[in-house]
Amino acid sequence: MKLRNKILAMTGVVLASLSWGIWQDTTVGKATDVNPQSVLDSGPAGLSVKATTYFNDPSTLGTGQKNSAKYVQGTGTNGDGVALTQDGQTNQGGAIWTDKPVFNAYKNQRASMWVYLGTTGSTPGDGVAFVLQNSSNTAFSGGGESLGVWGVDPNSTTSTTNTLASSAIPNSWALEYDTGVDQLVPDSSWKPQTTPASSFDIGDYKNNNFNAIGYNPSTDNDDVGETIKGEHIASNYPGLTSSYYAYSQGTGFLGLTKYNYYGLAHRGLLQDSFGDRFMSDAKWHHLTLNYEAPTDGGSNAIITYSFDDKNPTTGAPNPMTNETYAKEKINLANLNVTPSSPNLYWGLTGTTGATNTELSMFKFEQVPGQPMVNSSMDMTDMTTGSAIPANATISGNDKIKLNYTVNYMDGNQDWSDIKAALNLPKYVDWTGGRVTYSSGEVSPVDMTQLNGQKLDVSLKDLGVSMNKAVLTFEGTAQNAKQSPLAATSTFAGANAITTVATPAFNIKPSPFSVNVNPSQISANAGSATTVTGTVSSTDSTVNGGNTTLTAILADSKGNVATLPASAITLDKDLNGNDGYDFSITIPEVPAGTSLLQVSGTTTASSDYKASGTATITGGTIDFGTTSGNLVFKPTTLTGSGTQTVERDDSNGAWSLDVDSSLMTGSTWKVTAKTAGMYSDDVPASPLDGALIYKNGTSTTTLNNSESTLITSNDKSDGTEQSTNIASGWTKDTGILLSVNGGAVDGSYSGTIDWTLESAP
C-alpha cells in the first residue's frame, strides 16, 4: 500500500470574504535543385549565424561591386547558410567577412564547414575562395577568374604582374575552390578587351602543360609537380607578384602589337585525377582547415585543408588522399601581422562569369575566434581487454565499453548549450551510462531514454575552466551473428559542432546465452516483482549446477544496484527446451523505467560469459498540479442558524490533479482531514463552523480524527493518466463551508491533510 500526503493551507474572511488556500534530437538529404532555401534545408546541420554579429554582410563591397552574398535562414536545428552567388545570375560578386579581425594568426585555429556548388547549366562558374586578409571587412578585388580575391587581369598591352598584385586583396592568403576552369591560351587572332581574361588556370605554362604544385600526404612533400586538369582547389598569396606568371602574345599586323596574359601560381593543388567535376555536382561537401600557428614566435605557420572529409549523409569520416588533402606553409610576413598585432579578417568570396554561373553556399560547424572543439571515441571489449578497431570481430555476450571524449581546445568564448545526439552501435544492449567532466563531476545518463540506437544527452558548457567531458557507456554484445555499421554521433552547441563515428565491427555468436523473457515488464513502483528467463548452451557440459547468475538494476536516475544472490533462483534440471529456467525477485520496483541486466558465467569454460536484459516500468502515483487557492464567496453573517457558503469560481474552477501510471488492476483513493479554521488575528480562536464535503445527497463534516473519502478510482491501465478530483463538483457539491450562528466576523485560515492511497 502506498501513501502520499499533501497539506493544504486555508484562509477565510467573514463579511469581506472567506478563502481557502492550498500549497503544494538532421536528416541529411540530397539537394536536387539550385533553390537556396531547399538546398539549405536538405543539407547537414550547421550553426545559426544570421542572428549574430560575427559576420559582416555589406550591401556594397569595397570596389563598388554590389554584394550578391546573402543569408539563407534555416529551420529548427538545421542552422543558417550563406549563399555567395546565385545560379543563372551572371557577373555576380559576393563576399562575407568577419565583422572584426578575429583570426589570431599566432594561435591555432580551425574552420569546419559544408560547401554546395551547383548549376542547372552545362558549365559551372566561377568558384569561391576561403581568404585570410589584413585589409577590411568589405574587401573585394574583381569578378570572373579573380574570384573576388586574386588580381584582375586588365587585358591590356601595358599590364604587368605588378598590375595584378596591386588589384588583388592586399596582405592576404587565399584557398580557391575553382569550378570555372580558365585555360585560354590566346593566339594571334585574339583581340584584347573583346573577351574577358580567362587564363589563370594555365598556371606555369610550359611545353603545352598547365603546371602547378601539389602535395603528397604519404611523404609530406609539398613540392610535387602536377598538371591542372579541371576543377581544382589551390592556394597562394593574391597580393604578391610571385603568384602570377606573365605571358606575351602578339596580335594585329604581323603580330607586332603585344599584350600580356597571366597564369596563376597554384600551390597545394587538389583535383580529381581524371579532371572531372568533383565539386560542382550539386551536393554538399565538407571542408576542414586546420591552422597551426608559429611555435617559435616567428612568421612561419602551417595550414592543412581537406575536402570531402565527411560523408554528408552519415557524418562519418572519409579517408584522406592526395586528391582531398594538402598542407601548405604560410609566411605571415606576407599578411602583415606580428605577435603584437596578430589579428586577421577571414571570410569567403565568390563570383559568377559572363556566361557560366552557379549557386555557391556554405554552412558552418566551427569558425575561427569562436570555440575550437574536437571529439574522439574509443571502444573496448572488456571481456577480452582488447580495443575494437574497424572491422574487428568480437564474441556475442562480450561486455563492451564505449567512451566519447569531447574537448574544448581554444576560443574567445565557452562552448555553450551542447546537445549530444548519440547514435550508439547497433546489436549491443546498452545498460549504463555516465558523463565525467574534467572538474571531477560525474552525472548519470538516463538510459531509459534510449530509443533504438538514438540517445540525446545535454552537456554542461565547456571552456577554459572545464574543458573536457567523457561520455561512457557499458553494454553487452547480442549473441547473434551481426555486423554493426559505423555509427556517427554529433555534439552540437550554440557556437560549434563536432562529430565522431564508431567503427564497423562484427559479432560472432557464443555457445552460451542468457535470455530474459519477457523482456518488457510492468509493475507498480515500490512493489515486488519477479523476472524470469533461461540459460542455454550448445555445449552439453554446461548445466544449472555449474552456472552462476548475477543481476544489476539501473533506475531512471542512473542509480545502479546489485541484487543479492538470495534473490536469484536457477533450476538444476533442464526445461523442455534444453535450457535452465531462472527467476529473480526484485523486492521494490523503482519508479519510471529501469534496466535489468542478468549476467551468467559457468565453470564449464572460462570463455563462456553471457547476459540478457529486460526493461522494467514502475508505475507511479502522486499528487499533480493544483489551480491554487480555493476561495469562498463573500458572506454576510445572519447570526442565527447554519449558512452554507459556496466556492468562488469566478477565476475558474478549483482543481487538484492525481497523476497515475499504475498497472491494470490497481486502485487509488483520496481522503481529507482538517483541524478546522482559526482566526488570523487571534490564532487560538477557531471559526464557529466547519468544512463539509457534499456528494449528491450525502454530506460529511471534515474533522481531524478520521479521514473523509473524497474520490476513488479503479481505472488504472499502466498508461499515464491525470485525474482532477474536483472535476465533477458543482456549486452545491464538493468541499463547501458551513458557518454557524455564533461565527464572528474576521479572517480565518487552516490546513487540510490530503492522503493519496493506492493498492495493491
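These lines cover the structure that appears in this document, whether it is placed above or below. Quick caveat: nothing in here was measured; it's all calculated off a predicted structure. (Residues numbered from 1 in each chain as written. Predicted model: local features only at pLDDT ≥ 70, side-chain atom pairs only at ≥ 80, totals over all residues. Heavy atoms only, no water.)

## A closer look at unusual backbone geometry
- Of note, the amide linkage connecting Gly 125 to Asp 126 takes the cis form, showing an omega dihedral of 0°.
- Residue Pro 760 is reached from Ala 759 by a cis peptide bond, and omega for that bond is 0°.
- Relative to the assigned elements, Pro 760 resides in the segment after β54 (746-759).
- Phi at Leu 147 is positive, roughly 55°, even though this residue is not glycine.
- With respect to the helices, strands and loops of the structure, Leu 147 is situated in the loop between β9 (127-133) and α2 (161-167).
- The phi angle at Asn 155 is positive, at roughly 60°, despite the residue not being glycine.
- Judged by its relative accessible area of 7%, Asn 155 falls in the buried class. (Helix = DSSP H or I, 4+ residues; strand = E, 2+ residues; numbered from the N terminus. Buried < 20%, exposed > 50% of the residue type's maximum accessible area, 1.4 Å probe, protein only.)

## Observations concerning the environment of Gln 413
- Tracing the chain through its elements places Gln 413 in the loop between β26 (399-410) and β27 (418-423).
- With 338 residues separating them along the chain, Gln 413 and Thr 75 place their C-alpha atoms 25 Å apart.
- Contacts of Gln 413, omitting those with residues within four sequence positions, involve Gln 370, Pro 371, Tyr 408 and Asn 495.
- Here Asn 495 takes part through its side chain, which lies 2.8 Å from a polar atom of the side chain of Gln 413. (Contact = heavy atoms within 4.5 Å. Polar contact = N/O pair within 3.5 Å; in protein donor to acceptor, adjacent residues only side chain to side chain.)

## Points about the packing of aromatic side chains
- In total, this model carries 20 aromatic pairs according to the counting rule given.
- A ring pair is formed by Phe 55 and Trp 346, whose centres lie 5.6 Å apart and whose planes are at 70°; its orientation type is edge-to-face. With Phe 55 in strand β3 (residues 55-56) and Trp 346 in strand β21 (residues 343-351), this residue pair connects regions lying 291 residues apart in the sequence. Each member of the pair, Phe 55 as well as Trp 346, is classed as buried.
- Taken together, Tyr 54, Phe 55, Phe 130, Trp 346 and Phe 364 form an aromatic cluster joined through their ring pairs.
- The ring centre of Trp 284 lies 5.9 Å from the NZ or CZ of Lys 363, which sits over that ring. (Phe/Tyr/Trp six-rings, centres within 6.5 Å; stacked < 30°, edge-to-face > 60°. Lys NZ or Arg CZ within 6 Å of the ring centre and 35° of its normal.)

## Concerning the side chain of Thr 119
- By secondary structure assignment, the location of Thr 119 is in the loop between β8 (109-118) and β9.
- Looking at Thr 119, its side chain comes within polar contact range of the main-chain oxygen of Thr 357, at 3.0 Å.
- Dropping the residues within four chain positions of it, Thr 119 is found in contact with Val 34, Asp 87, Pro 124, Arg 277, Thr 357 and Glu 358.

## Examining the pairing of strand β23 (residues 372-381)
- Relative to β26, β23 runs antiparallel, the two sharing 10 bridges. Note on β26: the bridge partner recorded for Met 377 is Tyr 404.
- Direction of pairing for β23 relative to strand β24 (residues 386-387): antiparallel, over a ladder of two bridges. If you follow Asp 381 over to β24, its bridge partner there is Ser 386.
- The hairpin formed by β23 and β24 contains four residues between the paired strands, and Gly 385 there has a positive phi angle of roughly 75°. (Pairing = 2+ DSSP bridges.)

## So, the sheet that holds strand β50 (residues 698-701)
- Reading across the sheet, the four strands line up as β46-β53-β49-β50 and stay open at both edges, with antiparallel pairing between neighbours. Strands with a single pairing partner mark the edges of an open sheet, and in this sheet they are β46 (643-645) and β50. Direction aside, the axes of adjacent strands within the sheet are offset by 35° on average.
- Across three bridges, β46 lies against strand β53 (residues 734-739) in antiparallel orientation. Bridge pairing in β53 places Val 645 opposite Leu 737. (Axes fitted to C-alpha atoms, helices over the stretch in contact; angles between N-to-C directions.)

## Regarding the pattern of salt bridges
- Under the definition given, this model contains 15 salt bridges.
- Among the salt bridges present, the one from Lys 310 reaches Glu 365, with a minimum N-O distance of 3.0 Å. With Lys 310 in the loop between β19 (300-307) and β20 (325-331) and Glu 365 in strand β22 (residues 359-366), the pair connects residues that are 55 residues apart, well separated along the chain.
- What makes Glu 365 buried here is its relative accessible area of 3%.
- Several salt bridges converge on common partners, so that one network encompasses Lys 633, Glu 646, Lys 731 and Asp 732. (Salt bridge = Lys/Arg side-chain N within 4 Å of Asp/Glu carboxyl O.)

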